[in-house]
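An overview of the molecular structure
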Amino acid sequence: MFSLFRFNIVGNCRQLLKLYNVKQKLVAFFILAAYSLMGQTTKPGYLGISPFHFFRNTFVATFETGIGQDKTLLFAPGVILKDNQNESISGFTGEVQFRYYLIHPSFEGMDTDLGGARWQPYVAPYYQFSSISKEFPGYYYDPLGGFSKEYTTSRDITAHAGGVLVGCRALLTKNLFIDLTVGGGFRLSEVKDTYSIVLTEPIPVYNDFDIFDYEYKGIAPKVAFTVGIRLY
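Read on for an overview of the structure. All of these numbers come straight from a predicted model, not from anything done at the bench.

The rules behind the values
- Residues numbered from 1 in each chain as written.
- Predicted model: local features only at pLDDT ≥ 70, side-chain atom pairs only at ≥ 80, totals over all residues.
- Heavy atoms only, no water.
- Helix = DSSP H or I, 4+ residues; strand = E, 2+ residues; numbered from the N terminus.
- Polar contact = N/O pair within 3.5 Å; in protein donor to acceptor, adjacent residues only side chain to side chain.
- Buried < 20%, exposed > 50% of the residue type's maximum accessible area, 1.4 Å probe, protein only.
- Pairing = 2+ DSSP bridges.
- Axes fitted to C-alpha atoms, helices over the stretch in contact; angles between N-to-C directions.
- Phe/Tyr/Trp six-rings, centres within 6.5 Å; stacked < 30°, edge-to-face > 60°.
- Core = buried A, V, L, I, M, F, W, Y, C linked by side-chain atoms within 4.5 Å.
- Contact = heavy atoms within 4.5 Å.

Backbone geometry at Asn57 places phi at a positive 60°, although glycine is not the residue there. Within the secondary structure, Asn57 sits in the loop between strand E1 (45-49) and strand E2 (58-66).

As for its position among the elements, Arg169 is in strand E6 (residues 147-171). A distance of 3.2 Å separates polar atoms of two side chains, one belonging to Arg169 and the other to Tyr101.

Before going further, it helps to spend a moment on the environment of Tyr46. Within the secondary structure layout, Tyr46 lies in strand E1. When its relative accessible area of 3% is taken as the criterion, Tyr46 is described as buried. Spatially, the C-alpha atom of Tyr46 lies 6.6 Å from that of Thr65, the residues being 19 residues apart in sequence.

The strand order around the closed barrel built from 8 strands is E1-E2-E3-E4-E5-E6-E7-E8, with neighbouring strands paired in antiparallel fashion. The sheet shows a mean angle of 25° between the axes of neighbouring strands, taken without regard to direction. Sheet topology note: the E1/E2 ladder contains 5 bridges and is antiparallel. When the bridges of E2 are listed, Gly45 appears paired with Thr65.

Another aspect to go through is the environment of Ser90. In this fold, Ser90 is placed in strand E4 (residues 88-101). The sequence separation of Ser90 and Val79 amounts to 11 residues, and the corresponding C-alpha distance is 7.6 Å.

Our focus in this paragraph is the packing of aromatic side chains. For the structure on display, the rule yields 5 aromatic pairs. Ring geometry for Phe52 against Phe225: centres 5.6 Å apart, planes inclined by 35°, an arrangement best described as tilted. Taken as a pair, Phe52 in the loop between E1 and E2 and Phe225 in strand E8 (residues 218-230) lie far apart in primary sequence, 173 residues in all. Residue Phe225 is classed as partly exposed on the basis of its relative accessible area, which comes to 24%.

Another point: the pairing of strand E3 (residues 71-83). Strand residues, when the strand is regular, have side chains that alternate between the two faces of the sheet. Pairing between E2 and E3: 7 bridges, direction antiparallel. Bridging from a neighbouring strand, Gly66 pairs with Thr72 of E3. Taking the residues that link successive antiparallel strands as the turn, the E2-E3 hairpin has 4 residues. In terms of strand pairing, E3 meets E4 through 13 bridges, oriented antiparallel. Each bridged residue has a counterpart across the sheet, and for Leu74 the counterpart in E4 is Gln97.

Listed in full, the 5 residues of the largest apolar core are Ile80, Ile89, Ile132, Ile157 and Tyr214. Excluding residues within four positions of it along the chain, Ile80 makes contact with Asn57, Thr58, Ile89, Ser90, Gly91, Ile132 and Tyr214.

Once that is clear, we can look at the pairing of E4. The hairpin turn running from E3 into E4, its antiparallel successor, is 4 residues long. As defined by bridge partners, E4 adjoins strand E5 (residues 118-142) across 12 bridges and the pair is classed as antiparallel. Along E5, the bridge assignment pairs Gly94 with Phe129.

Functional significance is not addressed by these values, which are geometric in nature.
Spelled out as structure tokens, the structure:
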């Protein structure tokens, strides 16, 4: 029994270490890519946050930089964190958008004295990766012992999503903007559960996840609202 318990601890530590290394590599990739593009372009750069993500226990920051006259790349890393008596969630999400602006995203001819917004519509294919860990309690009836056991489920979720977005950035002033995006695409997720006790019978997993669940797999809409500033 002790050896089995020790094996579970070692196995869980290895999984957490592997997940941590993957997250660290992804964060480093987004940061290096953003700084590399920042140093190679003279186009305006934009930094923003997505306030609606706060309602999903997620902090998302966006960085957008020009790679051509009417093309930009947007990086959107995010951190997920939630902890209460019902569940504990932590993870990382990263998104890349390739935006093609239908109106040249420059400030030439912008009448900032009148305070009017300048609208810049765009289309953008996107790719998003998410790596999330969840822990939540459960109860299991042991048919051999004739009593219930309390246990903890550790769930690792890896998700890939992609699709097409349409949106519009509004330049309220030369240094302040808001951005509204709608669209959608596919979402593929892989779910792996481990348990804190040894179960005599497997626990059935009901895949009744909806589009707001991290475990969801299928076609899903995407809506985002961002507010931010111009960096350079």
